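# Residue-level structural notes
Okay, here's what each chain looks like letter by letter:
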Amino acid sequence: MERVVLVTGASGGVGLALCQRLLEEDGRIHLCIACRSVQKSEATRDLILAAHPAAQVSTVEVDLGNLASVLRAAQELRCRFKRLDFVYLNAGIMPNPQVNFKALWHGLFNGKVLHMLTTAEGIMTQTDRLNGDGLQEVFTTNLFGHFILVRQLQSLLCGNEKPSRLIWTSSSNARESAFSLSDYQHAKGQESYSSSKYATDLTSVVLNRKFNNQGLYSSVVCPGLVMTNMTYRILPVFLWKLLMPIMWLIRFFAKTYTLTPYNGAEAHVWLFKQKPEYLDLLAKYHSCTTALGRCYVEPRKMDVDEDTAEKLYQKLLELEKQILEKYSELLD
């Protein structure tokens, strides 16, 4: 039987490039694309089929920031499929990003500018807000919505003849300094994106501990710096056009400047071809590109504390219980 692959955030950027590349690797897969609206899903499906007319491509509507939408999508997927082989947890948001140009200027003189430009540490802030469930929007979309989805799809992911895979899109901006267990939704800070991605890394570590013996394996990837709609919102478009020649030069020194969605999906596709039993489950797999444009994957140990990961997992379970009680009518 064909492998079933679910991709969230498939309508553009790395998600769309990933869908195209997966079908280039194996045209026999059943690709299920998850987007926030029916219109986006259908438009994305048409775009993929234009390049791969023989492909099996289905759609599911899910807004990861709306937990009722997540529960409805999970119910639909349970009815439609008997198993899922790969779930790419790729959807994400970074609302209202602001660049601290003063900090960047100081970085030019203290030798930290390259580190800042590759991790956004110290130069990027975001303004978050509450969603309809009263939760922080970035936390919900980037992590908790995916967590609920995985939990609701557990029957399709565990106990199959072959291992199933979760592959989370994380970031080099995932930093412990931006995360706090006492404020795991990051309601009080200004680095909600970084916090949510660090929480993603922690969650993946615990999921492996809990579910490897049931045939479910979790990995995290970093696509590098990719020019997508999310990136273009950080600065005005005309500034990006002025900066692009400089960014191509920076790639001689910063291998994570993948720049294109195709290059950014390199680690996602590489993991598609690996046996999970042989992977380092405490590593983050980075998409990298040489100065001459050759793509490759570099594993790096994650800076995660397993005790903190377990405590976060318990908090997520407690929050999940509240959500399931609130939306009990949407459960089977």
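Quick caveat, the model's predicted, so the values are computed rather than measured.

On a plain count of helices and strands, the protein chain comes out with 13 helices and 10 strands. Every one of the 332 residues in the protein chain was classed for burial, and the buried ones make up 56%. In the structure as shown, the protein chain presents an accessible area of about 15000 Å², 54% of it carried by carbon and sulfur atoms.

Before going further, it helps to spend a moment on the nonpolar core. Counting 55 residues, the largest nonpolar core has Leu-6, Leu-84, Phe-144, Leu-153 and Leu-166 as the members making the most contacts within it. Discounting chain neighbours no more than four positions away, the residues touching Leu-153 are Leu-6, Ala-74, Leu-77, Arg-78 and Leu-84. Leu-16, Leu-31, Ala-55 and Phe-272 belong to the second-largest nonpolar core, a separate cluster that totals 31 residues.

Spatially, 3-2-1-4-7-8-9-10 is the arrangement adopted by the 8 strands of the open sheet, whose pairing is mixed. This sheet does not close on itself; its edge strands, each paired only once, are strand 3 (56-61) and strand 10 (295-301). Neighbour-to-neighbour, the strand axes of the sheet open up by a mean angle of 25°, direction not taken into account. By the bridge criterion, 3 bridges tie strand 8 (residues 216-222) to strand 9 (residues 283-289) in an arrangement that is parallel. Pairing of Cys-222 across the sheet is with His-286, part of strand 9. Sitting on the sheet, helix 1 (residues 13-25) is in contact with strand 1 (4-8), strand 2 (30-35) and strand 4 (86-89), with an inclination near 165° to strand 1.

Here we come to a nonpolar patch on the surface. Together, Leu-249, Phe-252 and Phe-253 make up a nonpolar patch on the protein surface, roughly 390 Å² of accessible area in all. Assignment of secondary structure puts Leu-249 in helix 10 (residues 237-250).

The subject of this paragraph is helix 8 (residues 192-211). The end-to-end C-alpha separation of helix 8 is 28 Å, in line with the 28 Å expected for 20 residues at 1.5 Å each. Buried residues dominate helix 8, accounting for 18 of its 20 residues.

Let us look at the pattern of salt bridges. Where charged atoms from two side chains of opposite charge approach closely, those side chains can pair. Using the criterion set out here, one finds 18 salt bridges in the structure. Note that Glu-306 is salt-bridged to Arg-209, the shortest N-O span being 3.0 Å. Of this pair, Glu-306 sits in helix 13 (residues 306-326) while Arg-209 sits in helix 8, and the two are 97 residues apart along the sequence.

Along the chain, the position of Glu-25 falls in helix 1. Spatially, the C-alpha atoms of Glu-25 and Lys-273 are 8.8 Å apart, while their sequence positions differ by 248 residues. Aside from chain neighbours lying at most four places away, what touches Glu-25 is Val-269, Phe-272 and Lys-273.

A few words now on the packing of aromatic side chains. Within the structure shown, the criterion is met by 8 aromatic pairs. Each member of the aromatic cluster is reached from another via a ring pair, and the members are Phe-139, Phe-144, Phe-147, Tyr-184 and Tyr-313. Here the guanidinium or amino end of Arg-21 rests over the ring plane of Tyr-262, the centre of that ring lying 4.1 Å away.

So, about the state of the cysteines. Using the criterion set out here, one finds 0 disulfides in the structure. No disulfide involves Cys-288; its sulfur sits 8.1 Å from that of Cys-222, the nearest cysteine.

Within the secondary structure layout, Leu-47 lies in helix 2 (residues 38-51). Residues Leu-47 and Leu-16, spaced 31 residues apart in sequence, show a C-alpha to C-alpha distance of 9.3 Å. Residues contacting Leu-47, with those up to four places away along its chain left out, are Leu-16 and Gln-20.

Between helix 6 (residues 137-152) and helix 13, the shortest axis-to-axis distance is 11 Å and the interhelical angle comes to 75°. By the angle between their directions, the pair helix 6 and helix 13 is classed as roughly perpendicular. Where helix 6 approaches helix 13, its residues Phe-139, Leu-143, Phe-144, Phe-147, Ile-148, Arg-151 and Gln-152 are matched on the opposing element by Tyr-313, Leu-316, Leu-317, Leu-319, Glu-320, Ile-323 and Leu-324.

Here the focus is unusual backbone geometry. The backbone phi angle of His-186 is positive, close to 60°, even though this residue is not glycine. Note on placement: His-186 falls in the loop between strand 7 (164-169) and helix 8.

Below, the discussion takes up the pairing of strand 9. Buried residues dominate strand 9, accounting for 7 of its 7 residues. The side-chain alternation of strand 9 yields two buried faces, one formed by Ala-283, Tyr-285, Ser-287 and Thr-289 and the other by Lys-284, His-286 and Cys-288. In terms of strand pairing, strand 9 meets strand 10 through 7 bridges, oriented antiparallel. Across the sheet, the residue bridging to Cys-288 is Tyr-296, located in strand 10. Between strand 9 and strand 10, which pair antiparallel in sequence order, lie 5 residues; one of them, Gly-293, sits at a positive phi of approximately 95°.

Criteria and thresholds
Residues numbered from 1 in each chain as written. Predicted model: local features only at pLDDT ≥ 70, side-chain atom pairs only at ≥ 80, totals over all residues. Heavy atoms only, no water. Helix = DSSP H or I, 4+ residues; strand = E, 2+ residues; numbered from the N terminus. Buried < 20%, exposed > 50% of the residue type's maximum accessible area, 1.4 Å probe, protein only. Areas by Shrake-Rupley, 256 points an atom, 1.4 Å probe, with all protein chains shown as cover. Core = buried A, V, L, I, M, F, W, Y, C linked by side-chain atoms within 4.5 Å. Contact = heavy atoms within 4.5 Å. Pairing = 2+ DSSP bridges. Axes fitted to C-alpha atoms, helices over the stretch in contact; angles between N-to-C directions. Patch = residues over 30% accessible without salt bridge, like charges linked within 9 Å, V, L, I, M, F, W, Y side chains within 5 Å. Salt bridge = Lys/Arg side-chain N within 4 Å of Asp/Glu carboxyl O. Expected span 1.5 Å × (residues − 1). Phe/Tyr/Trp six-rings, centres within 6.5 Å; stacked < 30°, edge-to-face > 60°. Lys NZ or Arg CZ within 6 Å of the ring centre and 35° of its normal. Disulfide = S-S within 2.5 Å. Parallel < 35°, antiparallel > 145°, perpendicular 65-115°, else oblique.

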